[in-house]
Amino acid sequence: MSRLKILKYSFILLVLFGKNTFAQKSADKYTIYSMVIEQLPPMPPPSVEVVTNDSLLKRYIDSIGEKKVHIKVLEKTISPREFDFNDIHHRLAPEDSETYEKLAMKLNSSKSKKIEVARISHEANVTIAEVSVPPKLEYDPLVTNWNVVFSDVILDKSRNVGILYTAQHLSELAGSYKIYLLKYNNHEWFIYKTIVLAIS
């Protein structure tokens, strides 16, 4: 075989390998987004307004039986620095620094990317809507309306560990900002550790 053909086939293999790697990382990202969505609580505890009103309390109890969850997901990724979290790598425990510090710094400098919200899997009782701007956070005591924004999922080259930032809110006074440290083992991703940055 001539040197030119060898170079040609080598180039084709590199292109195919690159495409497969990109496709796998993309699949990993949406697997991780779906895993986080699955962990959102189905219904917050009843407020004083609900508990002290018989009609609202009945509707609340009925809604628990339905277990319906509505989630709005921002259609683009965000960086923690957009929420004034500029020191993510300093929030890591000493035992995690070596593994996750570089990923955390890369997360902080990540740029906005399009999220294909339709690729996020969910249970039958969950509806997910894609929004182009962060929705107004209005609390409804009888309906579980989550508003979620994600960062990009930052993975190491070997796809063994990763990191993700997310903000999850039911209302302005009921939400949290979190970092998920991720690990890949036995052919599946799992959340190794959750770091709560702030609670509103």
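What comes next concerns the included structure. (Residues numbered from 1 in each chain as written. Predicted model: local features only at pLDDT ≥ 70, side-chain atom pairs only at ≥ 80, totals over all residues. Heavy atoms only, no water.)

**A closer look at the packing of aromatic side chains**
- Evaluated as defined, the whole model comprises 4 aromatic pairs.
- Ring centres 5.7 Å apart and planes at 85° place the aromatic pair Tyr30 and Tyr33 in the edge-to-face group. Within this pair, Tyr30 and its partner Tyr33 are both found in helix α1 (residues 3-38), separated by 3 residues, close to a single helical turn. Here the two residues Tyr30 and Tyr33 agree in accessibility, since each one is buried.
- For the ring pair Tyr100 and Tyr192, a centre distance of 6.1 Å and an interplane angle of 5° mean the geometry is stacked. Remark: Tyr192 occurs in strand β7 (residues 188-199) and Tyr100 occurs in helix α4 (residues 94-108); sequence separation between them is 92 residues.
- With relative accessibility at 29%, the residue Tyr192 sits in the partly exposed group. (Phe/Tyr/Trp six-rings, centres within 6.5 Å; stacked < 30°, edge-to-face > 60°. Helix = DSSP H or I, 4+ residues; strand = E, 2+ residues; numbered from the N terminus. Buried < 20%, exposed > 50% of the residue type's maximum accessible area, 1.4 Å probe, protein only.)

**A short note on the nonpolar core**
- Ile71, Ile120, Phe150, Leu164 and Leu182 are the most contacted members of the largest nonpolar core, which has 25 residues in total.
- Mapped by element, the contributors of at least two residues to this core are α1, β1 (69-74), β3 (144-150), β5 (161-171), β6 (174-185) and β7.
- With 6 residues, the single largest contributor to this core is α1.
- Counting 21 residues, the second largest nonpolar core, distinct from the first, contains Leu74, Ile78, Tyr165 and Leu181. (Core = buried A, V, L, I, M, F, W, Y, C linked by side-chain atoms within 4.5 Å.)

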